[in-house]
Amino acid sequence: MIDHIALLGRATLDTLSAIGRAGLFLVQSIFCLPSREGFYLWVRQMHFVGVMSVAIVLVSGLFIGMVLALQGYTILVGFGADEALGQMVALSLVRELAPVVAALLFAGRAGSALTAEIGLMKATEQLTSMEMIGVDPLRRIVAPRLWAGFVSLPILTVIFGVVGIWGGYLVGVDWLGVYEGSYWSNMQDSVDFVDDVLNGMVKSLVFGLVVTWIAVFQGYDLIPTSEGISRATTRTVVYASLAVLGLDFVLTALMFGDLG
Amino acid sequence: MDDPIMVEVENLHFSRGNTEIFRGVDLQIPLGKITAIMGPSGTGKTTLLKLIGGQLVPDQGQILIDGQDVHKLSRRSLFKLRRRMGMLFQSGALFSDLDVFENVAFPLRVHTELPNAMIRDIVLMKLQAVGLRGARHLMPSELSGGMARRVALARAVALDPDLVLYDEPFVGQDPISMGVLVQLIKKVNQALGLTAIVVSHDIKETLSIADYVYIIADGKVMAHGTPQTLDVDDDAHVKQFVHGEPDGPVPFHYPAPDFFDDILAPAGQFS
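Residues numbered from 1 in each chain as written. Chains lettered and ligands numbered in written order. Predicted model: local features only at pLDDT ≥ 70, side-chain atom pairs only at ≥ 80, totals over all residues. Heavy atoms only, no water.

### Section: the overall build of chain B
When helices and strands are counted, chain B shows 10 helices and 10 strands. Judged by the C-alpha coordinates and their principal axes, chain B covers about 75 × 40 × 35 Å. Each of the 271 residues in chain B was classed as buried or not, and the buried ones make up 49%. Pairs at least 24 residues apart make up 64% of the contacts formed inside chain B by residues separated by at least 6 positions. Working note: accessible area of chain B is about 13,400 Å², and carbon and sulfur atoms make up 53% of it. Of the side-chain charges in chain B, 25 are positive and 33 negative, and the distance between the mean point of each set is 11 Å. (Helix = DSSP H or I, 4+ residues; strand = E, 2+ residues; numbered from the N terminus. Buried < 20%, exposed > 50% of the residue type's maximum accessible area, 1.4 Å probe, protein only. Contact = heavy atoms within 4.5 Å. Areas by Shrake-Rupley, 256 points an atom, 1.4 Å probe, with all protein chains shown as cover. Lys, Arg positive; Asp, Glu negative; His and termini not counted. Charge placed at Lys NZ, Arg CZ, Asp CG, Glu CD.)

See the structure below:
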């Protein structure tokens, strides 16, 4: 019994110290003075983290939009409300699906790659040797990646939303025969820029920061062995996905909770 | 030893988990000389270098480099001090996303405002010194272990540091690249007049270039002296280590029950 209590205490202390380390790590790396060198590094990471994720976001966005339209149509047509399809597709994408699904894909595609990359740099002593050369790896390696993730996820979310709405149009209008004018005009009437679009962007900014933070911290803090790298990569995807889903509920409650 | 002191280690204690690695180590590294730190595997020689480089913090005691206490410096001053140090890692630790030229140019680019043409000249000079000027466009993954270590050596001395730390420079090298590295370390030291600390357990090679030697075992300095005095030292520990005798005060066998009893143990009582 005492052993169990001691184990619980140990686990709590470990968790708290990891959270503390992660917090310090974020503060130390995110507030770096911008420099020309740093800008180039950031652009490079925007390519790896952002541009390389565009393909997966395009394909998933298209399919999610098409499925939404298909599912929505079969429900709405029962009420004779198939005119509202555009509104339904756009609102679900902008408020919810685009930020969340893009963040989950981003965690799997870019997050795991960041963890593995930084972890391998640690295992091959590249981070240590950089420190010994007198360059802070938090500034040189971590900060550009953190900022790249923070900036690129909202952009990916916009791409996801746009492609999704277009996918919904393909299925709803071109295939199922919803009137094109009502698809667009209902959407235009019901989607509010501040309430819907901006709130969705705020969500994706938060997700971008959290997912990238988890990914780079797991890479920086891992035990530098092959097993350590594989565990940390898994942890990145699991923790980041759970954090996105949990935070999504909290943010949704704060943004839309007082409507009903 | 009347030479001025570059690095002074005083009463160093360090433990990892429950294992005590150092129990009061005192070292003095003279300026402009090659000092070797030797000892059997697992005595924490690499840990000592990391302590000197300020990457680990000792439990007790202090390390002074040029009079500054490494572990009392702010992060900024520590990084400033590290610009005067070069370290050669066992694995080379080249940056895998940069080619050979850019790896050697890295310290120059981040710490100096030199124009590109001058950086190019310096890098080519350093690469020429290690014989790899022709390999400047290769990526680290295309280099053999010995070549990677030579590039790492060029990078470590790119800024003409005052102090170079060599972590096991000879491990895992074939005889030819071993000979090349021994020559290089000696030559670099003489040409640049820098202070070098070589951590190693390759006795012959290390003794051939070292001006002064410390032998560390059991968390303490067991012996120190010039290679000549250690060679004729009578202490059983020193003798066993320097002459590479398999058995002596450091036992060949891991603790085990009596061999005879173990072999003849009746079936069912095997442990």
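Further notes follow.
### Some points on the overall build of chain A
Tallying secondary structure elements over chain A gives 9 helices and 0 strands in all. Listing the helices and strands of chain A from first to last along the sequence gives α-α-α-α-α-α-α-α-α. Put simply, chain A has 260 residues, and 45% of those count as buried. Taking contacts inside chain A between residues at least 6 apart in sequence as the whole, the part at least 24 apart equals 85%. Just so you have it, chain A exposes about 12,900 Å², and 71% of that area is on carbon and sulfur atoms.

### Details of the sheet that holds strand E1 (residues 5–16) of chain B
Residues and elements named next belong to chain B. Taken together, 4 strands build an open sheet; the order of strands is E2-E1-E4-E5 and the sheet is antiparallel. In the strand order of this sheet, the two ends are held by strand E2 (19–30) and strand E5 (68–69), each with one partner. Strand contacts of helix H1 (residues 45–52): E1, E2 and strand E4 (60–65), with the helix running at about 120° to E1, the strand carrying the most contacts. (Pairing = 2+ DSSP bridges. Axes fitted to C-alpha atoms, helices over the stretch in contact; angles between N-to-C directions.)

### A word on the packing of helix H8 (residues 193–221) of chain A against helix H9 (residues 226–256) of chain A
All names here are of chain A. Here H8 crosses H9 at 155°, and the two axes come no closer than 9 Å. The angle between the axes of H8 and H9 places the two elements in the roughly antiparallel class. For the element pair H8 and H9, the recorded crossing hand is right-handed. Across the contact of H8 with H9, the residue classes tally to 16 nonpolar, 4 polar and 5 charged. (Parallel < 35°, antiparallel > 145°, perpendicular 65-115°, else oblique. Left-handed = near helix turned anticlockwise from the far one by under 90°. Nonpolar A, V, L, I, M, F, W, Y, C, P; charged D, E, K, R; others polar.)

### Description of a nonpolar patch on the surface
A cluster of nonpolar side chains, contributed by Phe259(B), Phe260(B), Ile263(B) and Leu264(B), occupies part of the molecular surface with about 510 Å² of accessible area. Looking at where Ile263(B) falls in the secondary structure, it is placed in helix H10 (residues 259–263). (Patch = residues over 30% accessible without salt bridge, like charges linked within 9 Å, V, L, I, M, F, W, Y side chains within 5 Å. Salt bridge = Lys/Arg side-chain N within 4 Å of Asp/Glu carboxyl O.)

### Some words on the sheet that holds strand E8 (residues 195–200) of chain B
In a beta sheet, neighbouring strands pair by backbone hydrogen bonds and run either parallel or antiparallel. Residues and elements named next belong to chain B. One open sheet accounts for 6 strands, arranged E6-E7-E8-E3-E9-E10; its pairing is mixed. Bordering the open sheet on either side are strand E6 (85–88) and strand E10 (220–225), each of which pairs with just one other strand. Taking each pair of neighbouring strands and ignoring which way they run, the sheet shows an average axis angle of 15°.

### What to know about the interface of chain A and chain B
In this assembly, 15 residues from chain A lie in contact with 23 residues from chain B. Buried area between chain A and chain B, both sides added, is near 1,800 Å², and the carbon and sulfur share of it is 58%. Counting across the interface, chain A meets chain B through 2 salt bridges. Salt-bridge contacts for Arg82(B) lead to Glu131(A); the nearest nitrogen and oxygen are separated by 3.9 Å. On inspection of chain A and its partner chain B, the count reaches 7 residue pairs in polar contact (both at pLDDT 80 or more). Elements with a contribution of two residues or more to the side of chain A that touches chain B: helix H5 (126–133) and helix H6 (137–175) of chain A. Residue contributions to the side of chain A that touches chain B peak at 7 residues, all from H5(A). Considered class by class, the residues forming the side of chain A that touches chain B number 5 nonpolar, 5 polar and 5 charged. (Buried area = accessible area lost by both parts, 1.4 Å probe. Polar contact = N/O pair within 3.5 Å; in protein donor to acceptor, adjacent residues only side chain to side chain.)

### Describing a positive patch on the surface
Together, Arg139(A), Arg76(B), Lys80(B) and Arg83(B) line one region of the surface with positive charge. Residue position: Lys80(B) is located in helix H2 (residues 75–82).

### With respect to the pattern of salt bridges
For the structure shown, the criterion picks out 15 salt bridges over all chains. A salt bridge links Glu227(A) to Arg231(A); its shortest N-O distance comes to 3.2 Å. Here Glu227(A) pairs with Arg231(A), and both are found in helix H9, just 4 residues apart, close to one helical turn. Side by side, Glu227(A) and Arg231(A) carry an identical accessibility label, which is exposed. Notably, a salt bridge pairs Arg109(B) with Glu102(B), separated by 2.8 Å at the nearest N-O pair. Through salt bridges with shared partners, one network takes in Glu96(A), Lys203(A) and Asp248(A).

### So, the side chain of Thr157(A)
Structurally, Thr157(A) is set in helix H6. Classification of Thr157(A) by relative accessible area gives buried; the value is 5%.

### Things to note about the packing of aromatic side chains
According to the stated counting rule, one finds 10 aromatic pairs over all chains in the structure shown. Here Tyr183(A) and Trp184(A) contribute two aromatic rings whose centre-to-centre distance is 5.1 Å and whose plane-to-plane angle is 85°, an arrangement assigned as edge-to-face. Overall, Tyr183(A) belongs to the buried group, its relative accessible area being 0%. Members of the aromatic cluster, connected to one another through ring pairs, are Phe25(A), Phe217(A) and Tyr220(A). Lying over the aromatic face of Phe79(B), Arg82(B) brings its terminal NZ or CZ to 5.1 Å of the ring centre. (Phe/Tyr/Trp six-rings, centres within 6.5 Å; stacked < 30°, edge-to-face > 60°. Lys NZ or Arg CZ within 6 Å of the ring centre and 35° of its normal.)

### Quick look at the environment of Asp69(B)
Residue and element names in this part refer to chain B. Along the chain, Asp69 turns up in strand E5. For the pair formed by Asp69 and Asp247, sequence separation is 178 residues and the distance between their alpha carbons is 40 Å. If near-sequence neighbours (up to four positions away) are discounted, Asp69 is found in contact with Gln62, Ile63 and Leu64. At a separation of 3.1 Å, a polar atom in the side chain of Asp69 contacts the main-chain amide nitrogen of His71.

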